[in-house]
Amino acid sequence: MWRELFSYSINPEVFLDVGNLWSLVHTDQDRGLEVAALRQESTARWSDLATRLSAGQRRKAARFVLEQSAPVAATLGATLHSLSAPGVFELPEQLSAMALLADDVGAGAANCARADAFRAIARRHGIDAAAAPPHELAQDRRINDSLFRLPGAILALSRRSDAFGAVLIGADLAQRELGCLPSWSFAAEVLGAPEWERLDMAIPQTADSLPAGETPLGLARALADALADTPDQQAQCATGIALYLALIDEWDRTLFDLTLAHLDPRLSMALLLQAKAREASVYHENFKLEGESLRDWLSKARKDPLPLLEVLGRSRIIRKGDPDKSRFATQMLDYGGPMFRVFNDGEIAIIRDWITDLGQDDSWPHPDSRGAVLARLAATFVAPRSEIGQGDATLGVTPTGIRQAYFTLQGRALAPATRAFAAEYCEFWLAKARKCIDATCRSLPVDWQPGLLREWLLDTHDHHAARFEQSAETEIPSREAVIEQSVQLAPLTLIDGAWLQGFTDIALASSRVGAPLFKTYWDELGNGAWDMNHPKVYRGVLSAMGKELPPTGSLEFAHHPDLRDDSFQLPVYWLAIGKFPSSYRAEILGLNLAMELSGVGGTYRNAHRFLQHYNLPTIFVDLHNTIDNVSDGHAAWAADAIDLFISAIEDPDEVRKTWSRVRAGFESLDPVARICGNLDFFTTRSKAPGKPVSAADALHHVPPRMNA
Ligand SMILES: [Fe+2]
Ligand SMILES: [Fe+2]
């Protein structure tokens, strides 16, 4: 079932091995489809249909299009939502991809993603099912399974952006080139509503997510062009374009045929018979229709339901034109009847409409016969060729040292063995953090109450400021010490934002709790502007100190002799927990508050004093002292995200448990060694036999590096 692929891939933490994934999603994509021709053909198809229908039928068709296209709408933006990774934080092309994503998800405003625009349209027209969240859509049997194929494939590929990054960039470009789907243009014309334009991926939907003068289409083209110097990636990008076009073409044709069926009572009934035939054929051996057992008719109906529809229509259990006098629609469905509760309300409506229609002239609205439409649909209704599964549990790397761990976790996707390591590292670190709760005066309040956190935030900020005032006279460390400390902070600062990595997922980034986290992450990476990118700004500071370090995602960086082993301990925790936006959401929320609050008011101002004293750039600390501010900056957003998260929980016990997880996350920024003991994971844990990590492994963990 395609809906299962969709449902499975909604989870931002899932892993599918490359071979399994490709065998699931690839299709007959080498058909030389072109965007312009595809758009023209589809537009003609829907426009032609509009001319053949009455106003009432057009409305019915448009509403059906909305209902059935909800899974595709729910994945608008998913092509690029998993590209960002610490190892490629500073690449200008990655920032362009983030700018596109920020525009798609509403740039950190809750419920403002393109998918939300679709939901607003659906709600406005009373189609609440189409406004449901993705996991509910997957359960909605009214939505045809084959229409989950395209969105399921895009979501699944997005979970392996390390292997399919260029394919996703190609698919994204094709989607934006296509613009508003012709089926949506058809529905927009019939139903009207101001939000439709936001479903056109070629047009920006937020005021200033994109660089001035840029359009999503222009940026998507530039992203694809950046792959041009690498033939392999260029080929993958072309595969992504072809794959998207093949899947959207199939999706559009299927939706069109299903719409025809939805408008036609006879075809709707034929599809219903076909859908029920397998289950029903078990029961009807003794019931004869025109000399043949119903069981045999049903067996044949699995391939072609039209002959059964004909004989059923002529049978004694049907009174043409009058469902109330037809046994098939009355006694047989009632309590005690042979088909009691076999059909749901929607299906009973199909049966009744069909019987009513049998009493009228045939009004089939399309030049293609019903048989032709049914045959086309039958050809589309094919299940995936292989099972969904993450593959071999031994896949992935189990690091044996802290530097290897830092290198291995630079990407996003976690193969099973690496995932097990990352989870173990998080547990190790959080166990240390839990020991520190209430052991110092900096811990979060013991209980959570509405409004308390903001108050506590201001108190803590005052405290930071008071400490800064007291320390104003303290001795300034030596220039060498200032530089050495800055260098040792590089493994952490060059992955600024890594703990929030998982919140780029389209559903999380536009959720109430996730939106402020996405907005923070988007700020850390410079809002699409390379010169505002925090890791890049920090490199500038290091450079002014005469320190040049290799790219963060490289083996050379992880093994750089100037960096101490213990300088990687906290960064590895950030890298690990950032991969678990669902499993460790409460802890990430606490960590995020600790991080955003840690420097404001005090430490950053002290650092400013030291740096200024030696005429070194203060921009990094100045920038953070303002952007992380407690009134409407990152620290305030962090507190808001926690309050939103906890206030949605009803059970007081659950509130207490969640709050204590948030508190542990808060401590986890800086567990106090004298309280919690040694923070070296690799000496305190027995070493699992790990595989050596080579530079080639980086390709398996980090999304593609594009050529500047
Ligand atoms: Fe930052
Ligand atoms: Fe920040």
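This structure is a prediction, so every number in the text was calculated from the model and none was measured.

K.L.:
Just checking my understanding: could you explain the overall build of the protein chain for this structure?
P.N.:
Looking only at helices and strands, the protein chain features 36 helices and 2 strands. Relative to the globule expectation of 27 Å for 708 residues, the C-alpha radius of gyration of the protein chain, 29 Å, shows essentially globular dimensions. Overall, the C-alpha framework of the protein chain stretches about 100 × 55 × 50 Å when taken along its three principal axes. Pairs at least 24 apart in sequence give 79% of the contacts found in the protein chain among residues at least 6 apart. For the protein chain, the exposed area adds up to about 29,000 Å²; of that, 52% sits on carbon and sulfur atoms. With 70 positive and 91 negative side-chain charges, the protein chain shows a separation of 6 Å between the mean positions of the two kinds.

K.L.:
Could you clarify how one ought to interpret the coordination of the iron ion (ligand 2) in this entry?
P.N.:
In ideal tetrahedral geometry, four donors around a metal make angles of 109.5 degrees, whereas ideal octahedral geometry with six donors gives angles of 90 or 180 degrees. Taken together, the protein donors to the iron ion (ligand 2) comprise E524 (OE), E596 (OE), D628 (OD) and H634 (ND1), at separations of 2.1 to 2.3 Å. The site at the iron ion (ligand 2) holds 4 donor atoms, and with the angles between them running 76 to 167°, its shape is irregular. Expressed as a motif, the donor residue spacing for the iron ion (ligand 2) is E-x71-E-x31-D-x5-H. Taken as a pair, the iron ion (ligand 2) and the iron ion (ligand 1) show a spacing of 4.0 Å, with E524 coordinating each metal. On the criterion of sequence distance, the pair formed by E524 in helix α25 (residues 514–524) and D628 in the loop between α31 (619–627) and α32 (634–647) is long-range, its members being 104 residues apart. Judged by relative accessible area, which is 1%, E524 ranks as buried. Of the residues examined, D628 reaches a relative accessible area of 1% and is grouped as buried.

K.L.:
Can you help me understand the environment of P204 in this one?
P.N.:
Within the element layout of this structure, P204 appears in the loop between α11 (182–191) and α12 (216–225). Taking C-alpha positions, P204 is 39 Å from R663, a pair spaced 459 residues apart along the chain. Sequence-distant contacts of P204, that is, excluding residues within four places in its chain, are made with D103, R114, L210 and P216.

K.L.:
Even after reading the chapter, I still don't get the domain arrangement of the protein chain, so can you show me in this structure?
P.N.:
Bring the parts together and some accessible area is lost; that lost area is often taken as the interface size. By domain assignment, the protein chain separates into domain 1 (33–262), domain 2 (267–363) and domain 3 (402–699). The C-alpha-based centres of domain 1 and domain 2 are spaced at 38 Å.

K.L.:
Whenever I open this one, empty space enclosed by the protein confuses me. Can you help?
P.N.:
Where empty space is left can be seen by rolling a probe of water-molecule size over the atoms. According to the stated counting rule, one finds 5 cavities of 30 Å³ or more in the structure shown. Estimated volume of the largest cavity: approximately 180 Å³. Lining of the largest cavity is provided by 16 residues; of these, P12, E13, R412, A413 and K579 occupy positions nearest its centre. Residues of the lining of the largest cavity, tallied by class, amount to 5 nonpolar, 6 polar and 5 charged. Counting only domains with at least three residues in the lining of the largest cavity, you end up with domain 1 (33–262) and domain 3 (402–699).

K.L.:
Explanation requested: the pattern of salt bridges in the structure shown.
P.N.:
Opposite charge on two side chains allows them to pair when their charged atoms are near. Under the criterion given, the structure shown has 44 salt bridges. Among the salt bridges present, the one from R3 reaches D145, with a minimum N-O distance of 3.5 Å. Here D145 lies in the loop between α8 (134–139) and α9 (149–158) and R3 lies in helix α1 (residues 2–9), a separation of 142 residues in the sequence. Exposure remark for R3: the relative accessible area of 4% places this residue in the buried category. Its relative accessible area of 17% is what places D145 among the buried residues. Here E587 makes a salt bridge to R661, at a shortest N to O gap of 2.8 Å.

K.L.:
Before we go on, may I ask you to explain the coordination of the iron ion (ligand 1) in this structure?
P.N.:
All of the protein donors around the iron ion (ligand 1) are D496 (OD), E524 (OE), H534 (ND1) and H624 (NE2); their distances to the metal are 1.9 to 2.2 Å. If you look at the iron ion (ligand 1), its 4 donor atoms make angles of 85 to 158° with each other, and the shape they trace is irregular. When the donor residues of the iron ion (ligand 1) are listed from N- to C-terminus, their spacing reads D-x27-E-x9-H-x89-H. A relative accessible area of 1% places H534 in the buried class.

K.L.:
What exactly am I supposed to notice about the layout of surface pockets here?
P.N.:
Its volume calculated, the largest pocket comes out at about 1,800 Å³. Lining the largest pocket are 48 residues, with R141, R142, N144, L271 and A275 positioned closest to its centre. Contributing elements (two or more residues each) for the lining of the largest pocket: α1, α4 (55–68), α13 (231–263), α14 (265–280) and α17 (345–358). Top element by residues in the lining of the largest pocket is α14. It accounts for 9 residues. Looking at which domains feed residues into the lining of the largest pocket, each of domain 1 (33–262) and domain 2 (267–363) gives three or more. What lines the second largest pocket is a set of 49 residues, among which L489, S598, T603, L669 and D670 lie closest to the centre. A per-class count over the lining of the second largest pocket returns 26 nonpolar, 16 polar and 7 charged.

K.L.:
Sorry, what's going on with the packing of aromatic side chains here?
P.N.:
The geometry of an aromatic ring pair is captured by the separation of the ring centres together with the interplanar angle, meaning the angle of the planes. Tallied over the full model, the rule gives 23 aromatic pairs. Judged by centre distance (5.6 Å) and plane angle (90°), the ring pair of F421 and F681 falls under edge-to-face. One end of the pair, F421, is in helix α20 (residues 416–436); the other, F681, is in helix α35 (residues 681–684), and 260 residues separate them in sequence. Judged by relative accessible area, which is 5%, F681 ranks as buried.

K.L.:
Mind showing me how you'd approach the side chain of N533 here?
P.N.:
Tracing the backbone shows N533 in the loop between α25 and α26 (534–544). Of the polar contacts made by the side chain of N533, one reaches the backbone oxygen of F89; its length is 3.2 Å. Those residues in contact with N533 that sit more than four places away from it in its chain are F89, E90, L95, E524, L525 and G526.

K.L.:
Sorry if this is basic, but what is going on with the environment of D162 here?
P.N.:
On the secondary structure map, D162 appears in helix α10 (residues 161–178). Relative accessible area serves as the criterion here: at 9%, D162 is assigned to the buried category. Polar side-chain contacts of D162 include one of 2.8 Å to the side chain of R160.

K.L.:
What is the right way to read the nonpolar core from this model?
P.N.:
The nonpolar side chains of a soluble globular protein tend to be buried with one another. Of all hydrophobic cores here, the largest spans 220 residues; its most connected members are W184, Y244, W574 and L593. Per element, the largest residue contribution to this core is 13 residues, and it comes from α13. Those residues within four positions of W184 in sequence are excluded, and the remaining contacts are V65, S69, V72, A73, L76, F118, W196 and L199.

K.L.:
I would appreciate a short explanation of the environment of L549 in the present structure.
P.N.:
Mapped onto the secondary structure, L549 falls in the loop between α26 and α27 (555–558). Measuring from C-alpha to C-alpha, the distance between L549 and L333 comes to 75 Å, with 216 residues separating the pair along the chain. Ignoring sequence-local partners within four residues, the contact set of L549 consists of A490, R539, L542, F557 and H560.

K.L.:
Help me understand unusual backbone geometry in this model?
P.N.:
Note: most residues except glycine have negative phi, and most peptide bonds are trans. Positive phi, normally seen in glycine, also occurs at E290, with a value near 45°. In this fold, E290 is placed in the loop between β1 (288–289) and β2 (292–293). One non-glycine residue, N527, adopts positive backbone phi at about 50°. Relative to the helices and strands, N527 resides in the loop between α25 and α26.

Thresholds applied
- Residues numbered from 1 in each chain as written.
- Chains lettered and ligands numbered in written order.
- Predicted model: local features only at pLDDT ≥ 70, side-chain atom pairs only at ≥ 80, totals over all residues.
- Heavy atoms only, no water.
- Helix = DSSP H or I, 4+ residues; strand = E, 2+ residues; numbered from the N terminus.
- Rg over C-alpha atoms; globule rule 2.2 N^0.38 Å.
- Contact = heavy atoms within 4.5 Å.
- Areas by Shrake-Rupley, 256 points an atom, 1.4 Å probe, with all protein chains shown as cover.
- Lys, Arg positive; Asp, Glu negative; His and termini not counted.
- Charge placed at Lys NZ, Arg CZ, Asp CG, Glu CD.
- Donors = N, O, S within 2.8 Å, 3.2 Å for Na, K, Ca; no water.
- Tetrahedral: all angles 85-135°; square planar, octahedral: opposite > 155°, others 65-115°.
- Buried < 20%, exposed > 50% of the residue type's maximum accessible area, 1.4 Å probe, protein only.
- Domains from an automatic or database assignment.
- 1 Å grid on protein atoms, 1.4 Å probe; cavity = no way out; pocket = protein on both sides within 12 Å on 5 of 7 lines; lining within 4 Å.
- Points joined across faces, edges and corners; volume = space filled by probe spheres on them.
- Nonpolar A, V, L, I, M, F, W, Y, C, P; charged D, E, K, R; others polar.
- Salt bridge = Lys/Arg side-chain N within 4 Å of Asp/Glu carboxyl O.
- Phe/Tyr/Trp six-rings, centres within 6.5 Å; stacked < 30°, edge-to-face > 60°.
- Polar contact = N/O pair within 3.5 Å; in protein donor to acceptor, adjacent residues only side chain to side chain.
- Core = buried A, V, L, I, M, F, W, Y, C linked by side-chain atoms within 4.5 Å.

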